[in-house]
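Given next are the chains, with one letter for each unit.
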Amino acid sequence: MSDGFRDACGVFGIFGHQQAASMTYLGLYALQHRGQESAGIAVAEDGRLRLTRAMGYVSDVFDDRILADLTGPAAIGHVRYSTSGDSRVTNAQPILIDCAHGQIALCHNGNLVNAGELRAELVRRGSIFQTGSDTEVVLHLYAKSQAGSPADAIVESVSQVRGAFSLVMLTPERLIAVRDPHGFRPLALGRLDDAYVVCSETCALDLIGARYERDVAPGEVLVIDAEGLRSFRPFAPVQPAHCVFEHVYFSRPDSYVFGRSVNEVRTNLGRRLARETAVEADAVVPIPDSGLCAAMGYAEESGIPLKMGLIRNHFVGRTFIQPQQSIRAFKVKVKLNTVRDILDGQRVVLVDDSIVRGTTSRKIVSMIKAAGAAEVHMRISCPPTVAPCYYGIDTPHREELIAARRGIDEIRDFMGADTLAYLSIEGLRAAVGPRSGDYCTACYTKDYPVGPPRDQEAYMQMVLKMADSSAQRSADP
């Protein structure tokens, strides 16, 4: 609901459990916030892989009958929001192929900055692509590999790509997990009795009753089969670059990501924000749900009471449409409503995690003033977003980012707020903790750990359909 980025994807895998598909289904439920366009599960049984995937929420794609048919002791699953490739079922994951190395299914969370270049070269060499997803590039590299084992072929394949990748793969005999050397996207390892589990966030482990063991390390390859778990570090070590926006917005507050409690970090962001941007006010009001933890921290640090002056309608669903221009103006009001007796006559600190285009935030400020608020002081628990991301986040082009085009005073005037303040980059790093140097902050600083695509034209051709198909979904009226 917030005027923010779209979630990344979520991956889940389990090996050695007789109800692997059902555990994967539950794990994907816990990761649904990371992608709502499509869902899929692949299972290994009797030396073969089988796959079910479709557009929609996890509950749309799977029912008791489908799950009962997905038998076997190993499974992987995926929930998707497209950051590369348009929104259609052929781009849903897992992607399953059969090649010289045998069957393999792959799930990917991240984005490959050189996928356009690799795809163009593979096409020149005769490859025929079936999807618009950058993930398929890895599979074509895998199929062409002359390595002696599937694990070695995977290492050879991912060694050729640049960018962010947390991969979970399934062959008929083993589960393989790979995290890129920078560790952009999270990937956790857990145990459920004798079974091994890998997933994007620890909240998925909690739901199925699994025990968190550790994170899959940046640059680590895990191979899990009937003999147990083996770990390899085939990549040259580099400086970690965990996505700080996982803590700011993406991950669930009940997860541990990059070794830190998301709730704790997010609350710390609010505390730091209060120290840096104090203002006299009567109520701290979060924009639900993403602004809640930071608002709690702001209220705790400032001593200003937290009040739920905005109520979110959780039952709108992704199918809400605005068929006529006269109705589109109600889009934000359908999702949020003000509580007048909390806001009327009050000086309000309005807290959110980020501002991207600014149009939704502007409508919310207007709603709060219409409810009688005497003053609206907008506070954002991260620095201004001035640059796009190439590592698995669906960001607008730079010219669409309001902070890339306007100063803070101009943004405040556009919002109609009395004041506007962001958390400083120093405050962000302090809130994340002592290992703040291990985080990527490129969307705030333009300091990219992995250079943007060298061939921008090839890259943009690959994602053009995605941008066209998602523009109507994400654009504000």
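Quick note: structure is the one above.
Here goes a summary of the coordinates provided. (Residues numbered from 1 in each chain as written. Predicted model: local features only at pLDDT ≥ 70, side-chain atom pairs only at ≥ 80, totals over all residues. Heavy atoms only, no water.)

1. With respect to the nonpolar core
Then comes step 1: One finds L350, M378, Y391 and Y444 to be the most contacted residues of the largest nonpolar core, which totals 73 residues.
Then comes step 2: With 5 residues, the top contributor of residues to this core is helix α9 (residues 262-276).
Then comes step 3: When neighbours within four sequence positions are excluded, M378 is seen to be in contact with I287, L350, I355, S361, V365, M415, A417, T419, L420 and A421.
Then comes step 4: Counting residues in each nonpolar core, the second largest holds 30 residues, with I41, L70, A195 and V197 among its members. (Core = buried A, V, L, I, M, F, W, Y, C linked by side-chain atoms within 4.5 Å. Buried < 20%, exposed > 50% of the residue type's maximum accessible area, 1.4 Å probe, protein only. Helix = DSSP H or I, 4+ residues; strand = E, 2+ residues; numbered from the N terminus. Contact = heavy atoms within 4.5 Å.)

2. Thoughts on the layout of surface pockets
Then comes step 1: Quantified by volume, the second largest pocket comes out at close to 200 Å³.
Then comes step 2: For the lining of the second largest pocket, the element with the highest residue contribution is helix α5 (residues 135-144), accounting for 4 residues.
Then comes step 3: Here the lining of the second largest pocket is composed, by residue class, of 7 nonpolar, 4 polar and 2 charged. (1 Å grid on protein atoms, 1.4 Å probe; cavity = no way out; pocket = protein on both sides within 12 Å on 5 of 7 lines; lining within 4 Å. Points joined across faces, edges and corners; volume = space filled by probe spheres on them. Nonpolar A, V, L, I, M, F, W, Y, C, P; charged D, E, K, R; others polar.)

3. Focus: the environment of M367
Then comes step 1: Within the secondary structure, M367 sits in helix α14 (residues 359-370).
Then comes step 2: For M367, a relative accessible area of 10% corresponds to the buried category.
Then comes step 3: Put simply, M367 and L336 are 31 residues apart on the chain and 9.3 Å apart in space, counted from C-alpha to C-alpha.
Then comes step 4: Each residue touching M367, except ones within four places of it in the same chain, is listed here: V332, K333, L336, N337 and T338.

4. Comments concerning the pairing of strand β6 (residues 102-112)
Then comes step 1: Across the 11 residues that make up β6, a large majority, 10, are buried.
Then comes step 2: Pairing of strand β5 (residues 95-99) with β6 involves 5 bridges; the strand directions are antiparallel. Along β6, the bridge assignment pairs I95 with L106.
Then comes step 3: Across 8 bridges, β6 lies against strand β7 (residues 163-170) in antiparallel orientation. Residue H108 lies in a different strand from β7, and its bridge partner there is L167. (Pairing = 2+ DSSP bridges.)

5. Considerations on the pairing of strand β21 (residues 375-380)
Then comes step 1: Across the 6 residues of β21, 5 count as buried, placing the element largely inside the fold.
Then comes step 2: Bridge count between strand β20 (residues 347-352) and β21: 6 bridges; the pairing is parallel. Across the sheet, the residue bridging to V349 is H377, located in β21.
Then comes step 3: With α14 bridging β20 and its parallel neighbour β21, the resulting β-α-β unit is right-handed.
Then comes step 4: Summarising the sheet, β21 and strand β22 (residues 419-422) pair through 4 bridges and their orientation is parallel. Paired with H377 across the two strands is T419, which belongs to β22. (Right-handed = clockwise from strand over helix to strand, strands pointing away.)

6. Some points on the sheet that holds strand β3 (residues 48-55)
Then comes step 1: Pairing is antiparallel in the open sheet, where 7 strands are placed in the order β3-β2-β4-β1-β10-β9-β11. Because the sheet does not close on itself, it has two edges, and the strands there are β3 and β11 (211-215). Within this sheet the neighbouring strands show an average axis-to-axis angle of 15°, counted without direction.
Then comes step 2: Summarising the sheet, strand β2 (residues 38-45) and strand β4 (residues 74-80) pair through 7 bridges and their orientation is antiparallel. In the sheet register, A39 faces β4, and the bridge partner there is V79.
Then comes step 3: Across the sheet, helix α1 (residues 20-30) touches β1 (10-15), β2, β4 and β9 (188-192), and the angle it forms with β4 is around 25°. (Axes fitted to C-alpha atoms, helices over the stretch in contact; angles between N-to-C directions.)

7. Some points on the sheet that holds β21
Then comes step 1: Judged by pairing direction, the sheet is parallel, and its 4 strands sit side by side in the order β17-β20-β21-β22 without closing on themselves. Two strands lie at the open edges of the sheet, namely β17 (283-286) and β22, each paired on one side alone. The mean angle between the axes of side-by-side strands here comes to 20°, regardless of whether they run parallel or antiparallel.
Then comes step 2: Running at roughly 130° to β22, helix α16 (residues 408-415) makes contact with β21 and β22 of the sheet.

8. With respect to the side chain of T171
Then comes step 1: For T171, the location among the structural elements is in the loop between β7 and β8 (175-179).
Then comes step 2: By relative accessible area, T171 is classed as buried at 3%.
Then comes step 3: If we skip the residues at most four places from it in the chain, T171 touches A44, L49, Q103 and I104.

9. What to know about unusual backbone geometry
Then comes step 1: The amide bond that connects Q93 to the next residue, P94, takes the cis arrangement and shows omega of 5°.
Then comes step 2: Position of P94 relative to the elements: it lies in the loop between β4 and β5.
Then comes step 3: Put simply, P288 and D289 share a cis peptide bond, and its omega is -5°.
Then comes step 4: Summarising the element assignment, D289 is placed in the loop between β17 and α10 (292-302).
Then comes step 5: Notably, D193 is not glycine yet its phi reads approximately 55°, a positive angle.
Then comes step 6: By secondary structure assignment, the location of D193 is in the loop between β9 and β10 (195-199).

10. Side note on the environment of R362
Then comes step 1: With respect to the helices, strands and loops of the structure, R362 is situated in helix α14.
Then comes step 2: With relative accessibility at 42%, the residue R362 sits in the partly exposed group.
Then comes step 3: Considering only alpha carbons, one finds R362 and R412, 50 residues apart in sequence, at a separation of 9.2 Å.
Then comes step 4: Contacts of R362, omitting those with residues within four sequence positions, involve F414 and M415.

None of this, on its own, says anything about what the molecule does.
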